[in-house]
Amino acid sequence: MDGGNTRRAACKPTAFVASVWHAPKQRRLALALAAAALSAFAFAQITEDYLTNDPLARWDVSFARWLASERSTGGTDLFRVLTFFGIPAVAAAIAAVVCIVLYRRRHLVEAALLPVVLGGCELLNLILKLSFHRTRPEVAFVDLDTYSFPSGHAMISTAAYGALAYLAWNHVHTSRPRLLLVAGTVVLVALICFSRLYLGVHYLSDVLAGVAGGAFWLAVSIALQTAYGERIAARFTGSRADRLGRSISRS
């Protein structure tokens, strides 16, 4: 009798996990929350290394100096172009165009994701920079009067281009285009992140923390969209704000 009860008790968690995994909405929410937790853990580890001056933080300075010594005119010109795509205003402009297209096609749940991702990520980055007050590397190509930790370019590009890839993924249904989509997004974000290192405006830990922070907020935004997006879109449809938005987007 006890053995039967034990087996039934063991089956309950397994059955629950199976039911969640086979329900697309619940699966997406679970994966988003798991990604947020892993990203938060990674950010915490990087931050601890920086605050306690662990090997990663000590290696930051030597790596930045070595990279500055290898800097060339051609490389500087190239990475100045690549870093342009990580500027918050540029990422926001690209996201705004996609958001308008989605809105005009009445994909309201998808369109709402981008403002949440961009706005929340920019606010979170500002709060974190003001919290840590880390100065820029001495070998920076240009003088910037903002704080260094975490990298805003890395954080914004991870969140913004990750969100665009996530939205595109939902409209691509074959494996090869999806693989190219993921690979292209990873390469673009990696190049933007490396441009900050090459130009000497960030330490490696700044960039790694930015990627972790951007991934965290992207995952949180997807979780919020999954949990509340359809409900909010239903209330928004036909409202005065919706009618105003439709008239503006058509002009």
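Residues numbered from 1 in each chain as written. Predicted model: local features only at pLDDT ≥ 70, side-chain atom pairs only at ≥ 80, totals over all residues. Heavy atoms only, no water.

Engineer: Before we move on, can you summarise the overall build of the protein with the specific residues and values?
Structural biologist: The helix and strand inventory of the protein stands at 10 helices and zero strands. Taken from N to C terminus, the helices and strands of the protein fall in the order α-α-α-α-α-α-α-α-α-α. In the protein, 80% of the contacts between residues at least 6 apart in sequence involve partners at least 24 apart. Accessible surface for the protein amounts to roughly 14300 Å². Of this, 67% is attributable to carbon and sulfur atoms. (Helix = DSSP H or I, 4+ residues; strand = E, 2+ residues; numbered from the N terminus. Contact = heavy atoms within 4.5 Å. Areas by Shrake-Rupley, 256 points an atom, 1.4 Å probe, with all protein chains shown as cover.)

Engineer: Which residues make up the packing of helix α2 (residues 24–51) against helix α9 (residues 204–236), and what values do they have?
Structural biologist: Contact geometry for α2 and α9: axes closest at 8 Å, N-to-C directions at 155°. Between α2 and α9, the angle falls in the class roughly antiparallel. The element α2 and its partner α9 pack so that their crossing is left-handed. The class makeup of the residues in the contact of α2 with α9 is 19 nonpolar, four polar and three charged. (Axes fitted to C-alpha atoms, helices over the stretch in contact; angles between N-to-C directions. Parallel < 35°, antiparallel > 145°, perpendicular 65-115°, else oblique. Left-handed = near helix turned anticlockwise from the far one by under 90°. Nonpolar A, V, L, I, M, F, W, Y, C, P; charged D, E, K, R; others polar.)

Engineer: Requested: an account of the packing of helix α5 (residues 88–104) against helix α7 (residues 152–169), with residues and values cited.
Structural biologist: The contact between α5 and α7 brings their axes to 10 Å, and the two run at 20°. In terms of orientation, α5 and α7 fall into the roughly parallel class. In this structure, α5 crosses over α7, and the sense of that crossing is left-handed. Of the residues in α7, those in contact with P88, A91, I94, V98 and L102 of α5 are I156, A160, Y161, L164 and L167. Of the residues in the contact of α5 with α7, the class split is 10 nonpolar, no polar and no charged.

Engineer: Which residues make up the environment of Q45, and what are the values?
Structural biologist: In this structure, Q45 sits in helix α2. Judged by its relative accessible area of 36%, Q45 falls in the partly exposed class. Each C-alpha atom of the pair Q45 and A209 lies 9.0 Å from the other, and the pair is 164 residues apart in sequence. (Buried < 20%, exposed > 50% of the residue type's maximum accessible area, 1.4 Å probe, protein only.)

Engineer: I'd like a description of the layout of surface pockets, backed by residues and values.
Structural biologist: Taken as a whole, the largest pocket encloses approximately 390 Å³ of empty space. Among the elements of the structure, α7, α8 (175–198) and α9 are those that each provide at least two residues to the lining of the largest pocket. (1 Å grid on protein atoms, 1.4 Å probe; cavity = no way out; pocket = protein on both sides within 12 Å on 5 of 7 lines; lining within 4 Å. Points joined across faces, edges and corners; volume = space filled by probe spheres on them.)

Engineer: Go over the nonpolar core, please, and point to the residues and values.
Structural biologist: Core analysis: the biggest nonpolar cluster contains 48 residues, and F43, L114, V117, L118 and F149 have the highest contact counts within it. Going through the elements one at a time, α2, α3 (55–69), α5, α6 (108–132), α7, α8 and α9 are the ones with two or more residues in this core. It is α9 that contributes the most residues to this core, 11 residues altogether. Among residues more than four places away in sequence, those in contact with F43 are L128, F132, F149, P150, A209, A212 and G213. (Core = buried A, V, L, I, M, F, W, Y, C linked by side-chain atoms within 4.5 Å.)

Engineer: Now, about unusual backbone geometry: what can you tell me, with residues and values included?
Structural biologist: Most of the time, phi is negative for any residue but glycine, and the peptide bond is trans. The amide bond that connects F149 to the next residue, P150, takes the cis arrangement and shows omega of -10°. As for its position among the elements, P150 is in the loop between α6 and α7. With a phi close to 55°, H133 is a non-glycine residue in the positive phi region. Within the secondary structure layout, H133 lies in the loop between α6 and α7. The class for H133 is partly exposed, based on a relative accessible area of 45%.

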